[in-house]
Amino acid sequence: MHRTYHSVIGVCNVVFTVAVILLTAHFWNQTSDFIEVLLFAGCILFPVLQPLAVYMKAKAQARMVPQDMVLKFDDVGLHVSTGGKRETIRWEKLKGVVREYKMIILFSDTRHGYILTDRMLGCEKEMFYEQVRRRISQE
């Protein structure tokens with residue numbers, strides 16, 4: 001949600017929510033029950049329903065992550081091992097690295113990536129981020 005609310009989409013969500021709340025406050029007593037339900041749904045769409053949907057999707061995705069996944073980094077790139085399978089993603093194939101709130105995301109393409117949390121990286125988070133960023137920009 002941090003990434004969503006710190007983008008153009010997040011600004012649109014806030015503007016829409018404020019507009020719907022103002023409309024609801026102004027027209028609440030003048031509308032039918034059906035319209036009141038729609039106005040109420042509009043009021044809770046972005047501050048309640050969207051985060052709940054994102055949480056449920058993330059929870060489902062987390063269940064699908066193999067428990068034996070190992071990520072290793074070296075001069076060649078990122079090595080991913082899981083379930084007896086191994087894949088190497090060379091530095092030049094990585095699309096980017098982003099430092100987010102309590103995590104670093106390594107993008108293997110424009111939609112997929114690997115999340116490394118602060119808990120995993122510990123005090124080496126900043127050093128790791130800078131090294132990966134330098135490696136990706138070099139390639």
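Bear in mind that the values here come from a model prediction, so they are computed numbers and not experimental data. (Residues numbered from 1 in each chain as written. Predicted model: local features only at pLDDT ≥ 70, side-chain atom pairs only at ≥ 80, totals over all residues. Heavy atoms only, no water.)

Trainee: Pulling in residues and values, what's your account of the overall build of the protein?
Mentor: Helices and strands together make up the secondary structure of the protein, namely five helices and six strands. Going residue by residue from the N terminus, the α and β elements of the protein occur as α-α-α-β-β-β-β-β-β-α-α. Compactness check: the protein gives a C-alpha radius of gyration of 21 Å against a globular reference of 14 Å for 139 residues, more than 25% above the reference. The 139 residues of the protein split such that 23% are buried. Looking at the protein alone, contacts between residues at least 24 apart form 38% of all its contacts between residues at least 6 apart. Split by element, the accessible area of the protein, about 10,300 Å² in all, is 62% carbon and sulfur. Once the 18 positive and 14 negative side-chain charges of the protein are each reduced to a mean point, those two points are 3 Å apart. (Helix = DSSP H or I, 4+ residues; strand = E, 2+ residues; numbered from the N terminus. Rg over C-alpha atoms; globule rule 2.2 N^0.38 Å. Buried < 20%, exposed > 50% of the residue type's maximum accessible area, 1.4 Å probe, protein only. Contact = heavy atoms within 4.5 Å. Areas by Shrake-Rupley, 256 points an atom, 1.4 Å probe, with all protein chains shown as cover. Lys, Arg positive; Asp, Glu negative; His and termini not counted. Charge placed at Lys NZ, Arg CZ, Asp CG, Glu CD.)

Trainee: Run through the environment of Lys-72, naming residues and quoting values.
Mentor: Summarising the element assignment, Lys-72 is placed in strand 1 (residues 70-73). Apart from the residues lying within four places of it in its own chain, the contact partners of Lys-72 are Gly-77, Leu-78 and His-79.

Trainee: I'd like a rundown of the sheet that holds strand 6 (residues 113-117), residues and numbers included.
Mentor: Across the sheet, three strands lie side by side as 4-5-6; this open sheet has antiparallel pairing. The open sheet is flanked by strand 4 (96-100) and strand 6, the only strands paired with a single partner. Strand-to-strand twist in this sheet, taken as the mean axis angle between neighbours without regard to direction, amounts to 15 degrees. As paired elements, strand 4 and strand 5 (residues 103-107) share five bridges and run antiparallel to each other. Its bridge partner being in strand 5, Gly-96 is matched across the sheet by Phe-107. Lying over the sheet, helix 5 (residues 125-138) contacts strand 4, strand 5 and strand 6, oriented at roughly 155 degrees with respect to strand 4. (Pairing = 2+ DSSP bridges. Axes fitted to C-alpha atoms, helices over the stretch in contact; angles between N-to-C directions.)

Trainee: Got a sec to walk through the environment of Pro-47? Specific residues and values, please.
Mentor: One can find Pro-47 in helix 3 (residues 33-64). Overall, Pro-47 belongs to the partly exposed group, its relative accessible area being 45%. Sequence-wise, Pro-47 and Thr-17 are 30 residues apart; in three dimensions their C-alpha atoms are separated by 7.7 Å.

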